[in-house]
Amino acid sequence: MRVGQLAVAAGLLGVLCVPAHAEARDLGRDTLPANDGWASAGEGTTGGAAADAEHVHTVTDRAGLVRALDGGSDTPKIIRIAGTIDANTDDDGDRLDCSDYATGGYGLKKYLAAYDPRTWGSARPSGPQEEARQASAARQAERIVLPVGSNTTIIGLGDKAVLKGASLQVRNADNVIIRNLELRDAYDCFPVWQPNAGGLGDWKAAYDNLWLAGATHVWVDHITASDKGHPDAEEPAYFARTYLRHDGLLDITNGSDLVTVSWSRFADHDKAMLIGNGDTATGDRGKLRVTLHHNEFESVVQRAPRVRFGQVHVYNNRYEITEDDYRYSLGVSTESRIHAQNNAFHAPGHVEVADLVKSWNGSALHQSGTLFNGFPVDLLMIYNAYNSGSERDLTGDVGWTPTLHGRIDSAAAADRAVARGAGAGRIP
């Protein structure tokens, strides 16, 4: 039991009863407070707080991080990241670039020539260049995909802890905490061309900065996630589509459940957060329970979040919309049940209130206390009025009322607090 594990850890290390006069608390021993969102349900989320001394690691490079992660084992562990760790490095710590991963005769010019829609058509890529791309992608994945196992806390030290180029993946694991860390630029060297995506074809990148797949009881707090270093906006276009190098910043899919994301910053990205990965994934019913509070979404084009199936509580978040190609913030998809409270949106003149929501087969959205450029608005009423001719009206009854949450401030108060306190390096 987690409570028992904590008691053992306290007895061994004497760190859970920190005296009031202590100079600094051990953030690695922090656990999710009671009632702090869905991740506090049941036994709550304690991460690696029960780790013994042998499983408390301070890491400064990829090799040390891989050893500490222990192949995604369930052993209670605390991993402290100091400074900047680059996942695109070899075992000696030397930097690797895309050319180091390429194999089997892969070349971008050859790939483009092979699958040009004017000659290849609309079939999925196959043959030597696609096989070479897959082999090259597998070599990169060996370096940058980092599995996180159950009973793990990953915590950045100080205010400048960075993990760049990596895809942290919490797959089929339980009881995980990730805090105070900048996750930067999960860059895909070998995107795949999908001729039929979106009707016009599109490029698909493989990696999220952080991916929860079949994960339960996860607390993500005070992280900063972005494409910093390689923004997709600066990538060229091939086949009239931007050559995308990034997927999501934080995706929560494949039946993940009981997740709290708090006081984090998601910035400078296209598709920020996907909750539920498919309209036909009916096994997700009753799962994908997620709380998002006191987060900042800045210069995000879409998916902040987009939800399928899940009961998602979205409260006291701040949205700073700047992109010319902005699409929406709240995505209401199949059987989603979003309960949005007291969120603040800032937008330029070309973005209207009705643009904040997009629906695909959705039926309901609860919203209250919304601010738009400082003014209170009825987001649901305006959305329905503007889109009644093209999309089904959304009802305000999502069939549930959140009970696991802390104090819900006004949107104006939360707006100010989030601007000051969200992101890595800002834990009080």
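Residues numbered from 1 in each chain as written. Predicted model: local features only at pLDDT ≥ 70, side-chain atom pairs only at ≥ 80, totals over all residues. Heavy atoms only, no water.

1. Considerations on empty space enclosed by the protein
Using the criterion set out here, one finds one cavity of 30 Å³ or more in the structure. Taken as a whole, the largest cavity encloses approximately 30 Å³ of empty space. Around the largest cavity, the lining residues are Phe 297, Val 300, Ala 304, Tyr 319, Glu 320, Ile 321, Tyr 326, Tyr 328 and Ser 329. Among the elements of the structure, strand S20 (296-302) and strand S23 (318-320) are those that each provide at least two residues to the lining of the largest cavity. Looking at the lining of the largest cavity residue by residue, the classes come out as seven nonpolar, one polar and one charged. (1 Å grid on protein atoms, 1.4 Å probe; cavity = no way out; pocket = protein on both sides within 12 Å on 5 of 7 lines; lining within 4 Å. Points joined across faces, edges and corners; volume = space filled by probe spheres on them. Helix = DSSP H or I, 4+ residues; strand = E, 2+ residues; numbered from the N terminus. Nonpolar A, V, L, I, M, F, W, Y, C, P; charged D, E, K, R; others polar.)

2. Let's talk about the environment of Arg 171
As for its placement among the helices and strands, Arg 171 is situated in strand S7 (residues 167-171). Since its relative accessible area comes to 47%, Arg 171 is described here as partly exposed. Expressed as a C-alpha distance, the spacing of Arg 171 and Ala 272, which sit 101 residues apart in the sequence, is 19 Å. (Buried < 20%, exposed > 50% of the residue type's maximum accessible area, 1.4 Å probe, protein only.)

3. Describing helix H6 (residues 128-144)
Compared with an ideal rise of 1.5 Å per residue, which puts 17 residues at 24 Å, H6 spans 25 Å between its outermost C-alpha atoms and is within 8% of the ideal. Listed in full, the buried residues belonging to H6 are Gln 129, Glu 130, Ala 132, Arg 133, Ser 136, Ala 137, Gln 140, Arg 143 and Ile 144. One side of H6 carries all its buried residues, which in axial view fall inside an arc of 155 degrees. Looking at H6, the residues exposed on the side facing more than 90 degrees away from the buried face are Pro 128, Glu 131 and Glu 142. Its buried side turned inward, H6 meets helix H2 (62-69), helix H3 (98-101), helix H4 (108-114), strand S4 (145-147), S7 and strand S9 (192-194). (Expected span 1.5 Å × (residues − 1). Arc of directions from axis to C-beta. Contact = heavy atoms within 4.5 Å.)

4. Focus on the packing of aromatic side chains
Following the criterion strictly, the structure yields 15 aromatic pairs and no others. Ring geometry for Trp 203 against Phe 239: centres 5.7 Å apart, planes inclined by 15 degrees, an arrangement best described as stacked. Of this pair, Trp 203 sits in strand S10 (residues 202-204) while Phe 239 sits in the loop between strand S13 (237-238) and strand S14 (241-242), placing them 36 residues apart in sequence. Considered together, Trp 203 and Phe 239 belong to a single accessibility category, that of buried residues. Ring geometry for Tyr 328 against Trp 360: centres 5.1 Å apart, planes inclined by 70 degrees, an arrangement best described as edge-to-face. (Phe/Tyr/Trp six-rings, centres within 6.5 Å; stacked < 30°, edge-to-face > 60°.)

5. Thoughts on the pairing of strand S19 (residues 290-293)
Of the two faces of S19, both are covered, the one formed by Val 290 and Leu 292 as well as the one formed by Thr 291 and His 293. In this structure, strand S16 (residues 257-262) lies alongside S19, joined through four bridges in parallel fashion. In the sheet register, Thr 260 faces S19, and the bridge partner there is Thr 291. Across four bridges, S19 lies against strand S22 (residues 311-315) in parallel orientation. From the neighbouring strand, His 293 faces S22, where its bridge partner is Tyr 315. (Pairing = 2+ DSSP bridges.)

6. Let's talk about the UniProt feature "domain: Pectate lyase" (unreviewed entry) in the protein chain
The positions UniProt marks with the feature "domain: Pectate lyase" (unreviewed entry) are residues 120-351. The span residues 120-351 is 8% helical and 44% strand by assignment, and the distance between its end C-alpha atoms comes to 38 Å. (UniProt positions renumbered as here; feature names shortened; annotations may be inferred.)

7. Some thoughts on the environment of Ser 99
Here Ser 99 shows up in helix H3. Residue classification places Ser 99 among the exposed residues on the basis of a relative accessible area of 55%. Sequence separation between Ser 99 and Met 381 is 282 residues, and the spatial gap between their C-alpha atoms is 52 Å.

8. A short note on the confidence of the model for the protein chain
Per-residue pLDDT for the protein chain averages 94, and the proportion of residues at 70 or more is 94%. Scored below 50 in pLDDT, residues 3-22 shows 19 contacts in the model against residues more than four places distant or in partner chains. (pLDDT = per-residue confidence, 0-100.)

9. Brief notes about the side chain of Arg 179
Tracing the backbone through its elements, the reader meets Arg 179 in strand S8 (residues 174-184). Take Arg 179: its relative accessible area is 4%, and that puts it in the buried class. Beyond its immediate sequence surroundings of up to four residues, Arg 179 is in contact with Arg 25, Leu 27, Asp 30, Ile 154, Ile 155, Gly 156, Trp 219, Asp 221, His 222, Ile 223 and Ile 427.

10. What about the pattern of salt bridges?
One pass over the structure, following the stated rule, counts 22 salt bridges. A salt bridge links Asp 202 to Arg 241, with the shortest nitrogen-to-oxygen separation between them at 3.7 Å. Of this pair, Asp 202 sits in strand S10 while Arg 241 is found in strand S14, placing the two residues 39 residues apart along the sequence. Looking at Arg 241, the relative accessible area reads 28%, which means it is partly exposed. In this structure, Arg 407 engages Asp 409 in a salt bridge whose closest nitrogen and oxygen atoms are separated by 2.7 Å. (Salt bridge = Lys/Arg side-chain N within 4 Å of Asp/Glu carboxyl O.)

11. A few points about the pairing of strand S12 (residues 216-226)
With respect to burial, S12 is a largely interior element, 10 of its 11 residues being buried. Relative to S12, S8 runs parallel, the two sharing nine bridges. Bridge assignment links Arg 184 to a residue of S12, and that residue is Ser 226. Strand direction decides the pairing type here: S12 and S16, joined by five bridges, are parallel.

12. Some remarks on the side chain of Asp 415
Along the chain, Asp 415 falls in helix H8 (residues 411-421). Residue Asp 415 is classed as buried on the basis of its relative accessible area of 13%. Among the polar contacts made by the side chain of Asp 415, one reaches the side chain of His 346 at a distance of 2.8 Å. Those residues in contact with Asp 415 that sit more than four places away from it in its chain are Arg 318, Ala 344 and His 346. (Polar contact = N/O pair within 3.5 Å; in protein donor to acceptor, adjacent residues only side chain to side chain.)

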